[in-house]
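Descriptive structure summary
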Amino acid sequence: MSLDAFLEPDAKQEAEPLDAALQAKLDEVIARLQQAWQEYGETLTFANSLGAEDALLTGLIAQHQPEIAQFVLDTGRLPEPTLTLLDQVRSRWPQINIQVFYPDASKLQDFVNREGVNAFYRSQELRKACCGVRKVEPLQRALADKKAWMTGLRREQSVTRDQLEYSQWDAGNGLQKLSPLYDWSEAELWQAIKALKLPYNALHDQGYPSIGCAPCTRAVQPGDDPRSGRWWWENPETRECGLHK
Ligand code: SF4
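Before going into details, it helps to say that this report is about the structure given with it. (Residues numbered from 1 in each chain as written. Predicted model: local features only at pLDDT ≥ 70, side-chain atom pairs only at ≥ 80, totals over all residues. Heavy atoms only, no water.)

So, unusual backbone geometry
Note the following rule: Each helix is a run of DSSP H or I of at least 4 residues and each strand a run of E of at least 2, with the numbering of both proceeding from the N terminus.
Of note, K197 is a non-glycine position whose phi angle comes to about 55 degrees, a positive value. Relative to the helices and strands, K197 resides in the segment after helix 6 (186–195). Although it is not a glycine, W231 adopts a positive phi angle of roughly 45 degrees. Mapped onto the fold, W231 is located in the segment after helix 6.

Here you go:
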(Lines give C-alpha, C1' and ligand atoms only; values in the text may rest on other atoms or scores of the structure.)
Protein backbone atom coordinates (compact mmCIF):
# COMPACT_ATOMS: atom_id res chain seq x y z
CA MET A 1 0.00 0.00 0.00
CA SER A 2 1.55 3.29 -1.09
CA LEU A 3 2.01 6.06 1.46
CA ASP A 4 0.49 8.49 -1.07
CA ALA A 5 -2.87 6.81 -0.56
CA PHE A 6 -3.06 8.27 2.96
CA LEU A 7 -2.00 11.82 2.29
CA GLU A 8 -3.66 15.03 1.31
CA PRO A 9 -1.97 16.63 -1.74
CA ASP A 10 -0.21 19.37 0.23
CA ALA A 11 1.24 16.88 2.71
CA LYS A 12 2.87 14.58 0.19
CA GLN A 13 5.97 16.73 -0.25
CA GLU A 14 6.94 16.37 3.41
CA ALA A 15 6.16 12.68 3.72
CA GLU A 16 8.73 10.41 5.31
CA PRO A 17 8.91 6.92 3.84
CA LEU A 18 7.77 4.18 6.20
CA ASP A 19 10.14 1.35 6.96
CA ALA A 20 9.11 -2.05 5.63
CA ALA A 21 8.16 -3.49 9.03
CA LEU A 22 5.82 -0.62 9.86
CA GLN A 23 4.34 -0.67 6.37
CA ALA A 24 3.58 -4.37 6.86
CA LYS A 25 1.85 -3.64 10.18
CA LEU A 26 -0.24 -0.89 8.56
CA ASP A 27 -1.25 -3.23 5.75
CA GLU A 28 -2.29 -5.79 8.36
CA VAL A 29 -4.52 -3.24 10.13
CA ILE A 30 -6.07 -2.13 6.83
CA ALA A 31 -6.84 -5.78 6.06
CA ARG A 32 -8.45 -6.14 9.50
CA LEU A 33 -10.66 -3.09 8.85
CA GLN A 34 -11.74 -4.39 5.47
CA GLN A 35 -12.38 -7.88 6.77
CA ALA A 36 -14.37 -6.50 9.72
CA TRP A 37 -16.58 -4.49 7.36
CA GLN A 38 -17.14 -7.54 5.17
CA GLU A 39 -18.11 -9.62 8.17
CA TYR A 40 -20.24 -7.15 10.11
CA GLY A 41 -21.19 -4.31 7.74
CA GLU A 42 -23.54 -1.81 9.33
CA THR A 43 -23.64 -3.82 12.54
CA LEU A 44 -20.04 -2.74 13.21
CA THR A 45 -19.17 0.55 14.92
CA PHE A 46 -15.88 2.16 15.91
CA ALA A 47 -15.67 3.75 19.37
CA ASN A 48 -13.59 6.81 18.57
CA SER A 49 -12.20 8.28 21.80
CA LEU A 50 -10.09 10.81 19.88
CA GLY A 51 -6.82 9.54 21.39
CA ALA A 52 -3.64 8.68 19.51
CA GLU A 53 -4.77 5.16 18.58
CA ASP A 54 -8.06 6.58 17.32
CA ALA A 55 -6.19 9.14 15.21
CA LEU A 56 -4.51 6.31 13.32
CA LEU A 57 -7.64 4.18 13.01
CA THR A 58 -9.71 7.17 11.88
CA GLY A 59 -7.22 8.00 9.14
CA LEU A 60 -7.10 4.41 7.93
CA ILE A 61 -10.88 4.04 8.02
CA ALA A 62 -11.35 7.32 6.14
CA GLN A 63 -8.99 6.21 3.40
CA HIS A 64 -9.81 2.52 3.16
CA GLN A 65 -13.20 1.69 4.67
CA PRO A 66 -15.14 4.92 5.30
CA GLU A 67 -18.42 3.00 5.51
CA ILE A 68 -17.52 1.85 9.03
CA ALA A 69 -19.73 3.85 11.41
CA GLN A 70 -18.07 5.72 14.27
CA PHE A 71 -19.25 7.25 17.50
CA VAL A 72 -17.82 9.58 20.13
CA LEU A 73 -18.99 9.70 23.75
CA ASP A 74 -19.12 13.35 24.78
CA THR A 75 -19.25 13.13 28.58
CA GLY A 76 -19.71 16.87 29.02
CA ARG A 77 -16.28 17.03 30.73
CA LEU A 78 -13.99 16.53 27.72
CA PRO A 79 -10.99 18.87 27.33
CA GLU A 80 -11.35 21.56 24.68
CA PRO A 81 -8.54 20.14 22.45
CA THR A 82 -10.48 16.87 22.20
CA LEU A 83 -13.57 18.69 20.93
CA THR A 84 -11.42 20.75 18.55
CA LEU A 85 -10.00 17.52 17.13
CA LEU A 86 -13.49 16.15 16.58
CA ASP A 87 -14.34 19.10 14.33
CA GLN A 88 -10.99 18.85 12.55
CA VAL A 89 -11.57 15.18 11.78
CA ARG A 90 -15.09 15.80 10.51
CA SER A 91 -13.99 18.62 8.26
CA ARG A 92 -10.97 16.76 6.85
CA TRP A 93 -12.90 13.56 6.11
CA PRO A 94 -16.53 14.37 5.30
CA GLN A 95 -16.89 10.83 3.96
CA ILE A 96 -16.90 9.33 7.47
CA ASN A 97 -19.96 9.21 9.69
CA ILE A 98 -19.32 10.11 13.35
CA GLN A 99 -22.29 10.15 15.71
CA VAL A 100 -21.90 11.90 19.08
CA PHE A 101 -23.64 10.39 22.10
CA TYR A 102 -24.35 12.43 25.23
CA PRO A 103 -25.31 11.40 28.77
CA ASP A 104 -29.00 11.09 29.51
CA ALA A 105 -29.85 14.62 30.71
CA SER A 106 -32.25 13.52 33.43
CA LYS A 107 -29.90 10.87 34.90
CA LEU A 108 -26.96 13.26 34.83
CA GLN A 109 -28.98 16.02 36.45
CA ASP A 110 -30.09 13.68 39.25
CA PHE A 111 -26.51 12.50 39.86
CA VAL A 112 -24.99 15.99 39.95
CA ASN A 113 -27.76 17.39 42.13
CA ARG A 114 -27.30 14.52 44.57
CA GLU A 115 -23.49 14.17 44.63
CA GLY A 116 -22.06 17.42 43.23
CA VAL A 117 -20.16 18.17 40.02
CA ASN A 118 -16.81 16.70 41.11
CA ALA A 119 -17.95 13.70 43.17
CA PHE A 120 -15.40 11.40 41.47
CA TYR A 121 -12.59 12.64 43.73
CA ARG A 122 -14.40 11.50 46.91
CA SER A 123 -14.49 7.73 46.35
CA GLN A 124 -13.99 5.04 43.76
CA GLU A 125 -17.68 4.21 44.01
CA LEU A 126 -18.67 7.76 43.09
CA ARG A 127 -16.05 7.87 40.35
CA LYS A 128 -17.54 4.74 38.81
CA ALA A 129 -21.03 6.15 39.22
CA CYS A 130 -19.99 9.28 37.30
CA CYS A 131 -18.42 7.13 34.55
CA GLY A 132 -21.59 5.07 34.54
CA VAL A 133 -23.83 8.06 33.84
CA ARG A 134 -21.48 9.92 31.51
CA LYS A 135 -19.89 7.00 29.62
CA VAL A 136 -21.30 3.53 30.20
CA GLU A 137 -25.00 4.26 29.71
CA PRO A 138 -24.35 6.27 26.49
CA LEU A 139 -22.08 3.43 25.31
CA GLN A 140 -24.89 0.94 25.77
CA ARG A 141 -27.11 3.12 23.57
CA ALA A 142 -24.34 3.42 20.95
CA LEU A 143 -23.95 -0.38 20.85
CA ALA A 144 -27.64 -1.24 21.09
CA ASP A 145 -28.19 -2.55 17.54
CA LYS A 146 -24.60 -3.67 16.83
CA LYS A 147 -22.94 -7.06 16.57
CA ALA A 148 -19.34 -5.83 16.89
CA TRP A 149 -17.47 -2.76 18.07
CA MET A 150 -13.98 -1.63 17.29
CA THR A 151 -11.63 0.07 19.75
CA GLY A 152 -8.12 1.53 19.82
CA LEU A 153 -7.03 -0.60 22.77
CA ARG A 154 -3.45 -1.89 22.88
CA ARG A 155 -1.92 -4.49 25.19
CA GLU A 156 0.89 -2.15 26.12
CA GLN A 157 -1.42 0.52 27.52
CA SER A 158 -1.90 -0.89 31.03
CA VAL A 159 -1.90 -3.93 33.30
CA THR A 160 -5.65 -4.14 32.78
CA ARG A 161 -5.15 -4.72 29.03
CA ASP A 162 -2.16 -7.07 28.78
CA GLN A 163 -4.31 -10.11 27.88
CA LEU A 164 -6.03 -8.33 24.98
CA GLU A 165 -6.55 -10.18 21.66
CA TYR A 166 -7.57 -8.76 18.29
CA SER A 167 -11.07 -10.23 18.43
CA GLN A 168 -12.76 -11.15 21.71
CA TRP A 169 -16.29 -11.76 22.88
CA ASP A 170 -17.38 -8.83 25.04
CA ALA A 171 -19.64 -10.60 27.50
CA GLY A 172 -20.44 -7.40 29.40
CA ASN A 173 -21.92 -5.72 26.35
CA GLY A 174 -23.01 -8.86 24.46
CA LEU A 175 -21.13 -8.37 21.18
CA GLN A 176 -17.76 -8.98 19.56
CA LYS A 177 -14.95 -6.52 20.32
CA LEU A 178 -12.23 -5.86 17.76
CA SER A 179 -8.95 -4.12 18.62
CA PRO A 180 -6.94 -3.82 15.38
CA LEU A 181 -3.98 -2.15 17.15
CA TYR A 182 -3.81 -4.65 20.01
CA ASP A 183 -0.23 -5.65 19.18
CA TRP A 184 1.14 -2.17 18.35
CA SER A 185 3.76 -0.41 20.44
CA GLU A 186 3.61 3.26 21.40
CA ALA A 187 6.64 3.95 19.17
CA GLU A 188 5.06 2.28 16.14
CA LEU A 189 1.85 4.17 16.69
CA TRP A 190 3.52 7.57 16.74
CA GLN A 191 5.79 6.73 13.82
CA ALA A 192 2.69 5.98 11.74
CA ILE A 193 0.73 9.05 12.89
CA LYS A 194 3.62 11.37 12.06
CA ALA A 195 4.52 9.71 8.76
CA LEU A 196 0.89 9.77 7.60
CA LYS A 197 0.47 13.35 8.89
CA LEU A 198 -2.76 12.55 10.67
CA PRO A 199 -4.50 15.07 12.92
CA TYR A 200 -4.14 14.22 16.62
CA ASN A 201 -5.07 15.63 20.01
CA ALA A 202 -2.88 18.67 20.87
CA LEU A 203 -2.67 17.47 24.49
CA HIS A 204 -0.39 14.62 23.40
CA ASP A 205 2.34 17.23 22.83
CA GLN A 206 1.81 18.61 26.36
CA GLY A 207 2.58 15.45 28.35
CA TYR A 208 -0.76 13.65 28.03
CA PRO A 209 -0.20 10.16 26.53
CA SER A 210 -3.72 9.05 27.53
CA ILE A 211 -6.62 11.51 27.47
CA GLY A 212 -10.03 11.24 29.06
CA CYS A 213 -12.22 13.76 30.85
CA ALA A 214 -10.47 16.98 31.88
CA PRO A 215 -10.83 16.64 35.67
CA CYS A 216 -9.68 13.00 35.62
CA THR A 217 -6.62 13.36 33.39
CA ARG A 218 -3.30 15.04 34.06
CA ALA A 219 0.08 15.26 32.35
CA VAL A 220 2.78 12.68 33.20
CA GLN A 221 6.57 12.80 33.19
CA PRO A 222 8.54 11.23 30.30
CA GLY A 223 8.98 7.51 30.99
CA ASP A 224 5.99 7.26 33.36
CA ASP A 225 3.27 4.66 32.79
CA PRO A 226 1.20 6.18 29.95
CA ARG A 227 -2.04 5.72 31.88
CA SER A 228 -0.69 7.02 35.19
CA GLY A 229 -2.29 10.40 34.48
CA ARG A 230 -5.78 8.87 34.40
CA TRP A 231 -7.57 8.73 37.80
CA TRP A 232 -4.13 9.12 39.39
CA TRP A 233 -5.60 9.00 42.88
CA GLU A 234 -6.66 5.32 42.41
CA ASN A 235 -4.73 2.02 42.22
CA PRO A 236 -3.56 1.06 38.68
CA GLU A 237 -5.73 -2.10 38.81
CA THR A 238 -8.95 -0.08 39.07
CA ARG A 239 -8.23 2.53 36.40
CA GLU A 240 -10.90 1.61 33.90
CA CYS A 241 -14.10 3.53 33.35
CA GLY A 242 -16.39 0.56 32.74
CA LEU A 243 -16.23 0.79 28.94
CA HIS A 244 -13.60 -1.98 28.82
CA LYS A 245 -14.12 -4.70 31.40
S1 SF4 B 1 -13.61 10.18 33.63
FE2 SF4 B 1 -14.13 11.46 35.45
S3 SF4 B 1 -15.52 13.11 34.72
FE4 SF4 B 1 -15.35 11.52 33.11
S5 SF4 B 1 -17.10 10.23 33.44
FE6 SF4 B 1 -15.43 9.25 34.56
S7 SF4 B 1 -15.43 10.12 36.65
FE8 SF4 B 1 -16.79 11.38 35.37
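Regarding the pattern of salt bridges
This is how it is decided: For this document, the term salt bridge refers to a Lys or Arg side-chain nitrogen within 4 Å of an Asp or Glu carboxyl oxygen. Using a 1.4 Å probe on the protein chains alone, a residue whose accessible area is under 20% of its type maximum counts as buried, one over 50% counts as exposed, and one in between counts as partly exposed.
This model, assessed by the stated rule, comprises 12 salt bridges. E137 serves as the salt-bridge partner of R141, at 2.7 Å between the closest nitrogen and oxygen. Of this pair, R141 and E137 both sit in helix 5 (residues 124–142), separated by 4 residues, roughly a single helical turn. A relative accessible area of 17% means that E137 is categorised as buried.

So, the packing of aromatic side chains
Heads up, the condition is: A pair of Phe, Tyr and Trp rings is counted when the ring centres sit within 6.5 Å of each other, with Trp represented by its six-membered ring. The angle between the planes then sorts it: under 30 degrees is stacked, over 60 is edge-to-face, the rest tilted. Sitting over a ring, as applied to charges here, requires NZ of Lys or CZ of Arg to be within 6 Å of the ring centre and within 35 degrees of the ring normal.
Scanning all chains against the criterion turns up 5 aromatic pairs. Geometrically, the ring pair formed by F71 and F101 is edge-to-face, given 6.0 Å between the ring centres and 80 degrees between the ring planes. Highlighted residues: F71 in strand 2 (residues 69–73) and F101 in strand 3 (residues 98–101), separated in sequence by 30 residues. Residue F71 is classed as buried on the basis of its relative accessible area, which comes to 3%. Take F101: its relative accessible area is 22%, and that puts it in the partly exposed class. A centroid spacing of 4.9 Å and a plane angle of 90 degrees characterise the contact between W232 and W233, whose relative ring orientation is edge-to-face. The class for W232 is partly exposed, based on a relative accessible area of 26%. Under the relative-accessibility criterion, W233 is labelled partly exposed at 29%. Taken together, the ring pairs connect F120, Y121, W232 and W233 into an aromatic cluster. Over the ring of Y166 we find R32, and its NZ or CZ is 5.1 Å from the ring centre. A cation sits over an aromatic face here: R230 above W231, 4.8 Å from the ring centre.

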